[in-house]
Structures are given as C-alpha cells and as structure tokens.
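Here are the chains, one letter per residue:
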Amino acid sequence: MHKNPHNPRRYDDIIGLSRPVSQSHPPMPMSDRAAQFSPFAALTGYGDAIREEARLTDSQIELDENRKEELNQKLLLIQEQTGGAAKSRVPVRITYFRPDERKSGGSYLSLSGYVRRIDLYEGMLVMEDGERVAVRDIVEIEI
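Each value, and the rule that gives it
- Residues numbered from 1 in each chain as written.
- Predicted model: local features only at pLDDT ≥ 70, side-chain atom pairs only at ≥ 80, totals over all residues.
- Heavy atoms only, no water.
- Helix = DSSP H or I, 4+ residues; strand = E, 2+ residues; numbered from the N terminus.
- Buried < 20%, exposed > 50% of the residue type's maximum accessible area, 1.4 Å probe, protein only.
- Contact = heavy atoms within 4.5 Å.
- Expected span 1.5 Å × (residues − 1).
- Arc of directions from axis to C-beta.
- Polar contact = N/O pair within 3.5 Å; in protein donor to acceptor, adjacent residues only side chain to side chain.
- Core = buried A, V, L, I, M, F, W, Y, C linked by side-chain atoms within 4.5 Å.
- Salt bridge = Lys/Arg side-chain N within 4 Å of Asp/Glu carboxyl O.

## Section: the overall build of the protein
Each helix and strand counted, the protein has three helices and five strands in total. Buried positions account for 20% of the 143 residues belonging to the protein. Contacts in the protein between residues at least 24 apart in sequence constitute 50% of all its contacts with a sequence separation of at least 6.

See the structure below:
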C-alpha cells in the first residue's frame, strides 16, 4: 500500500506504539545521550588561529642618532648611580618595545620602578623586581 505523503493521518498505525527496547544493550545514560548532540568542532584550533592572525602588532620605531645619544646619556647616569661604592636606588619610567613571540612586530610597554643595575655584558637593564629589559629595545627613559 502506497502512502500519500500529504495525508495527515499517514502515521496513525505507529503513533501509539512504545519505543523499542534492546534486549542486548542497556539504555544509554542521559548524560551520554546529551553529549552526542554537543557542538562538533571539525576544525579544531581554527578559531584560535583566526584570533591570532587578527591580533594587531606594532612595528618597532628606528631611533635617530640624537635620540640614541640622549638615551645613552641617561643610561650612563643610571650606571653611575647604581654602580660603584655610592650605590643608590634610581626610580625610572621606561618605555620599551617587546617583540611578539609568534609573529612579526610587537608592542610598546611602560615600566616604572627602581633600577638594580645595568648588565653591560648582556645589554640588559635589570629592575629591582627582577624584570629585565633589553637596552636596544628602550625608546624612552624618564628619571
């Protein structure tokens, strides 16, 4: 017997039947049953990759010779005050460029605190809190 798909009573013969119960498989717990309908991520990590690509970075500014000389003078002043017998705490505010670890460019950050020392061998300014800033990345020093 061919059933008419437009007939509103086409399921009358099965509509009242109970759900079949398997004799060999126990019923699935509701928690597992819900999990089968959870969202499916076909491209795992794709969303993270899109967010990473969209993240903006800045280009590092190339300082002119006058600006470099001004920074060198300030670094020498800091070196004199933190080194030798008359060590003193030098409060500074430093603006520096931090290269991005994942893509080209980076960001400009500011750091305030006291300078512990300048590591001439590694070219690092070492703060009292342990923060280290590469001297080549510094663009501004306020003493």
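## Some remarks on helix α3 (residues 65-82)
Here α3 contains 18 residues, and its C-alpha end-to-end distance of 26 Å stays within 8% of the 26 Å for a straight helix at 1.5 Å per residue. For α3, the complete set of buried residues consists of L71, L75, I78 and T82. End-on view of α3: buried residues confined to an arc of 60°, all on one side of the axis. More than 90 degrees from the buried face of α3, the exposed residues found are E65, N66 and E80. As for α3, its buried residues are in contact with β1 (90-99), β2 (106-119), β3 (124-127) and β5 (138-142). Sitting at the head of α3, D64 places a side-chain oxygen 3.3 Å from the backbone nitrogen of N66.

## Focus: the nonpolar core
Membership of the largest hydrophobic core comes to 17 residues, with the highest contact counts inside it found for I78, V92, I94, L125, M127, I138 and I141. Element by element, the count of residues in this core is highest for β1, at four residues. Beyond its immediate chain neighbours, meaning those up to four positions away, I138 contacts L63, L71, I94, T95, Y96, L125 and V133.

## Notes on the pattern of salt bridges
Following the criterion strictly, the structure yields 12 salt bridges and no others. The shortest N-O distance in the salt bridge between E70 and R67 comes to 2.9 Å. Of this pair, E70 and R67 both sit in helix α3, three residues apart, which is roughly one turn of the helix. Here R132 makes a salt bridge to D119, at a shortest N to O gap of 3.8 Å. Of the two residues, R132 sits in strand β4 (residues 132-134) while D119 sits in strand β2, which places them 13 residues apart along the sequence.

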